[in-house]
Each structure stands twice: as structure tokens, then as C-alpha cells.
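Structural features, examined
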Amino acid sequence: YDIVLQEVPNEISLCFTITGCPLACEGCHSEYIWDGSKGCVLSNELLEKLLDRYEDTISCVLFMGGEWEEAALIHKLQIARAYGLHTCLYTGLTEEKVPTAIKKELTWLKAGPWIEALGGLSEATTNQRFIEVSTGRILNEMFHHQ
């Protein structure tokens, strides 16, 4: 986990990178997360301990993956929301493939596989979308640099 500032605009996020990603997107910058035996278990107790520790610092909880463990992710998102925090998921899935039950717990969703030729969220050519879930608004412009 880490505290991050750029992944969710205007938020200070407690970010968890979840291992075991089955997507294996070509060109993935985080191939190390494909191996589910890496890292340590993020128990609900550890999550709550970290939320207590950083509650005066953070405004959002961000998961880099984890949708392949749907029930566990939903519960962790619910814990974060019970703390009054925003929630976000970064996934290589398209928006349509993210389960509705997960989307119900999210403030924002970054969806879409990495395609190197199209670039990331900061590129106008990207296939990825940063979505405000409650409205369906695409907020990619927040990543464009002047």
C-alpha cells in the first residue's frame, strides 16, 4: 500500500495493489501483480487499522485490481465507505465487464486494458476511461496536462 496523489485527481488516496491479476494485459507496467503469491494478505482488520492510522490524511481508498475477488473487494469498499471515504478501482476490464455489485460501492472507476499505442489517461487517444460512477461522466480531461 502507499499514499498516492495523482491516480485520483483532487484526492489523497490510500492505494492498495492487489496481486493475482488474471488479465495479463500486454505491455502491463505492473506484471509483478500477476503472481498472486506475492505481497501480504489485506485482511479487513489490517484495512481498518490503516484507515484508522491515515484517517486524518486520506480522502479516498484506491484499489489497483482485486475485482477477481469480487466479494472480498466489495466488503473492503464497504468498509472504506463506512469511514466516509471515496472509493476507486483501477482495472484493465472494460466498464461493462466490471460487476454491478462492485460499481455500486465505487465513487470512481478507471476502466480499460492498457494498449501502449493508445497511451494512458493523460492521452487524448486512450481507450481507458476514468468514470464518475454515480453519473457515468467520463473525467479523462482531469488527467490532461496543459
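All of the points below concern the structure found in this document.

Cut-offs and rules
Residues numbered from 1 in each chain as written. Predicted model: local features only at pLDDT ≥ 70, side-chain atom pairs only at ≥ 80, totals over all residues. Heavy atoms only, no water. Helix = DSSP H or I, 4+ residues; strand = E, 2+ residues; numbered from the N terminus. Buried < 20%, exposed > 50% of the residue type's maximum accessible area, 1.4 Å probe, protein only. Contact = heavy atoms within 4.5 Å. Areas by Shrake-Rupley, 256 points an atom, 1.4 Å probe, with all protein chains shown as cover. Lys, Arg positive; Asp, Glu negative; His and termini not counted. Charge placed at Lys NZ, Arg CZ, Asp CG, Glu CD. Pairing = 2+ DSSP bridges. Axes fitted to C-alpha atoms, helices over the stretch in contact; angles between N-to-C directions. Parallel < 35°, antiparallel > 145°, perpendicular 65-115°, else oblique. Left-handed = near helix turned anticlockwise from the far one by under 90°. Nonpolar A, V, L, I, M, F, W, Y, C, P; charged D, E, K, R; others polar. Salt bridge = Lys/Arg side-chain N within 4 Å of Asp/Glu carboxyl O. Core = buried A, V, L, I, M, F, W, Y, C linked by side-chain atoms within 4.5 Å.

Brief notes about the overall build of the chain
Along the chain, the regular secondary structure elements total 3 helices and 7 strands. Beginning at the N terminus, the succession of helices and strands in the chain can be written as β-β-α-β-α-β-α-β-β-β. Along the first, second and third principal axes, the C-alpha atoms of the chain reach 40 × 35 × 25 Å. For the chain, buried positions account for 42% of its 146 residues. Here the contacts in the chain between residues at least 6 apart in sequence split such that 50% fall between residues at least 24 apart. Accessible surface, the chain: about 8200 Å² in total, of which carbon and sulfur atoms supply 51%. For the chain, the centre of its 11 positive side-chain charges and the centre of its 21 negative side-chain charges are spaced 4 Å apart.

Here we look at the sheet that holds strand β1 (residues 2-4)
Read from one edge of the open sheet, 7 strands run β1-β2-β3-β4-β5-β6-β7, paired in mixed fashion. Strands with a single pairing partner mark the edges of an open sheet, and in this sheet they are β1 and β7 (137-138). Here 3 bridges tie β1 to strand β2 (residues 13-17), and the two strands are oriented antiparallel to one another. For I3, the partnering residue across the bridge sits in β2 and is L14. Where helix α1 (residues 44-54) meets the sheet, it contacts β1, β2 and β3 (60-64), and its direction lies at approximately 155° from that of β2.

Focus on the environment of M64
Along the chain, the position of M64 falls in strand β3. Ignoring sequence-local partners within four residues, the contact set of M64 consists of E7, C15, F16, T17, I18 and Y90.

Things to note about the packing of α1 against helix α2 (residues 70-82)
Remark: α1 packs on α2, axes separated minimally by 11 Å, with the N-to-C direction vectors making an angle of 25°. With respect to α2, the axis of α1 lies roughly parallel. The element α1 and its partner α2 pack so that their crossing is right-handed. In contact with N44, L47, E48 and L51 of α1, α2 contributes H75, K76, I79 and A80. Among the residues forming the contact of α1 with α2, the class breakdown is 4 nonpolar, 2 polar and 2 charged.

Considering the pattern of salt bridges
If you walk through the whole model with that rule in mind, you get 3 salt bridges. For E105, the salt bridge identified is with R81, shortest N-O distance 2.8 Å. Placement of E105 in the loop between α3 (100-103) and β5 (108-111) and of R81 in helix α2 is noted, with a sequence separation of 24 residues between them. Its relative accessible area of 13% is what places E105 among the buried residues.

With respect to the nonpolar core
Of all hydrophobic cores here, the largest spans 24 residues; its most connected members are F16, L51, V61, F63, L89 and I102. Only β2, α1, β3, α2 and β5 provide two or more residues apiece to this core. Among the elements that line this core, the one with the most residues is α2, at 5 residues. The residues touching F16, leaving out its near neighbours within four places in the chain, are Y1, L42, L47, L50, V61, L62, F63 and M64. The next biggest cluster of nonpolar side chains, apart from the first, holds 13 residues, and it includes L62, M64, Y90 and F130.

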